Amino acid sequence: MIELWHCADARSFRALWMLEEMGLSYRLHLLPFPPRIRAPEYLEENPLGTIPLLVDGATRMTESAAIVEYLAGRHGPTPLAVSVDEADYGAWLDWLHRGEATLTFPQTIVLRYRHLEARDRRLPQAADDYAQWFGSRLKAVERTLADGREWLCAGRFTGADISVGYALLLARSLKLDERWGDGVRGYWERVSARPGFLRAKAAQGSDTPLPR
C-alpha cells in the first residue's frame, strides 16, 4: 500500500490531493509541522526531515510535484495527466513544476522569516521582497486564465492544477491573497470546490493552516 507522511496544508497536500483525486488506497501518517523539530523520530524515515515522503513499494519520493507526476504515470491512466501526444503536454509539465519551483518557493521564505523564526531572527525585508516575487510570478496564472478557460491546460482539471492550486492554498494561509485578480480568485474557488480537494482536507483532519 502507498504510504504518505504529511503535515496539514504543507507541500505534502499535493500528494494527498492527488491520491484522493485518483481514488487510490493509501496509509496516511500525520505529523506536526515542522516535523524535523517536532517529530524527530521522522528522521529515521526521511533524514532530510522534509515532507512529503511517499513510499510505494521500493519507491521513495520527497518532491511534491514529482509525486503528482509519478502517481499519474505509475497508477494511471488518468485524465489528471496530459500525454505526450496531446498539444498541451509541455504546458502541463511546465505548470506542474512551476507550481512548486516558481510559486511555492518564494512563499517558503515568507513563511520562515515572517512566521516561523524567533522574533529576533525574523527578516521583514526579505519576507516582503519574496511576497512581492510571488505576486509577480502569479500574474502568469492570471494571464493564462484571461481567455475564460477554467483550468490551466488541456481543457480539463489535471495534476498541474493540483500543483498550482496548492500554491494558492499556501498563499491564503500566509495572507498573500489580498491582491489576487478576479481570474485567480475564480480559479481558486473552482479548485477548492473539487471533491478530491475536500476529501484531502477531511483526510488530514484539520482546516488549520501552517503555524504562524
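Residues numbered from 1 in each chain as written. Predicted model: local features only at pLDDT ≥ 70, side-chain atom pairs only at ≥ 80, totals over all residues. Heavy atoms only, no water.

S.K.: What should I look at first to understand the overall build of the protein chain in this one?
M.R.: Broken down by element type, the protein chain carries 8 helices and 4 strands. Of the regular secondary structure in the protein chain, the N- to C-terminal order runs β-α-β-α-β-β-α-α-α-α-α-α. Over its C-alpha trace the protein chain gives a radius of gyration of 17 Å, about what one expects of a compact globule, namely 17 Å for 212 residues. Projected onto its principal axes, the C-alpha positions of the protein chain cover 50 × 40 × 25 Å. (Helix = DSSP H or I, 4+ residues; strand = E, 2+ residues; numbered from the N terminus. Rg over C-alpha atoms; globule rule 2.2 N^0.38 Å.)

S.K.: Teacher, can you tell me more about helix α6 (residues 159-173) here?
M.R.: Counting along an α-helix, one turn takes 3.6 residues, and residues three or four places apart therefore face a common direction. Compared with the 21 Å implied by 1.5 Å per residue over 15 residues, the 21 Å span of α6 between its first and last C-alpha is a close match. Counting buried residues in α6 gives 14 out of 15 residues, a clear majority hidden from the surface. (Expected span 1.5 Å × (residues − 1). Buried < 20%, exposed > 50% of the residue type's maximum accessible area, 1.4 Å probe, protein only.)

S.K.: Teacher, can you tell me more about the pattern of salt bridges here?
M.R.: Between side chains of opposite charge, a pair can form when the charged atoms approach closely. Within this structure, the stated rule accounts for 14 salt bridges. When salt bridges that share partners are traced, they join R11, R14 and E100 into one network. (Salt bridge = Lys/Arg side-chain N within 4 Å of Asp/Glu carboxyl O.)

S.K.: I keep staring at the confidence of the model for the protein chain and nothing clicks. Help me out?
M.R.: Low-pLDDT portions of the prediction should not be read for the details of their coordinates. The share of residues in the protein chain with pLDDT of 70 or more is 97%, and the mean pLDDT across the chain is 95. The low-confidence segment residues 207-212 (pLDDT under 50) makes 21 contacts with residues lying over four places distant or belonging to another chain. (pLDDT = per-residue confidence, 0-100. Contact = heavy atoms within 4.5 Å.)

S.K.: Would you mind going over the side chain of T144 with me for this structure?
M.R.: Considering the arrangement of structural elements, one finds T144 in helix α5 (residues 124-145). Within the local environment of T144, its side chain forms a polar contact with the backbone oxygen of A140, the two atoms lying 2.9 Å apart. Setting aside chain neighbours within four positions, we find T144 in contact with W95, R149 and L152. (Polar contact = N/O pair within 3.5 Å; in protein donor to acceptor, adjacent residues only side chain to side chain.)

S.K.: Even after reading the chapter, I still don't get the packing of aromatic side chains, so can you show me in this structure?
M.R.: For any pair of aromatic rings, the description rests on two quantities: the centre-to-centre distance and the angle between the ring planes. Across all of its chains, the model carries 12 aromatic pairs by this definition. Ring centres 5.0 Å apart and planes at 45° place the aromatic pair Y130 and W133 in the tilted group. You can see Y130 and its partner W133 sitting in helix α5, 3 residues apart, about one turn around the helix. By relative accessible area, which is 26% here, W133 ends up partly exposed. (Phe/Tyr/Trp six-rings, centres within 6.5 Å; stacked < 30°, edge-to-face > 60°.)

S.K.: Is there a simple way to explain the environment of T78 in this structure?
M.R.: Structurally, T78 can be placed in the loop between α3 (64-74) and α4 (89-116). T78 sits 81 residues away from G159 along the chain, and the two C-alpha atoms are 9.8 Å apart. The contact partners of T78, leaving out residues within four places of it in the chain, are M22 and A72.

S.K.: Can you help me understand the nonpolar core in this one?
M.R.: A general tendency of soluble globular proteins is for nonpolar side chains to be buried together. Counting 65 residues, the largest nonpolar core has L71, V141 and Y187 as its most contacted members. By residue number, the principal contributor to this core is α6, which donates 9 residues. (Core = buried A, V, L, I, M, F, W, Y, C linked by side-chain atoms within 4.5 Å.)

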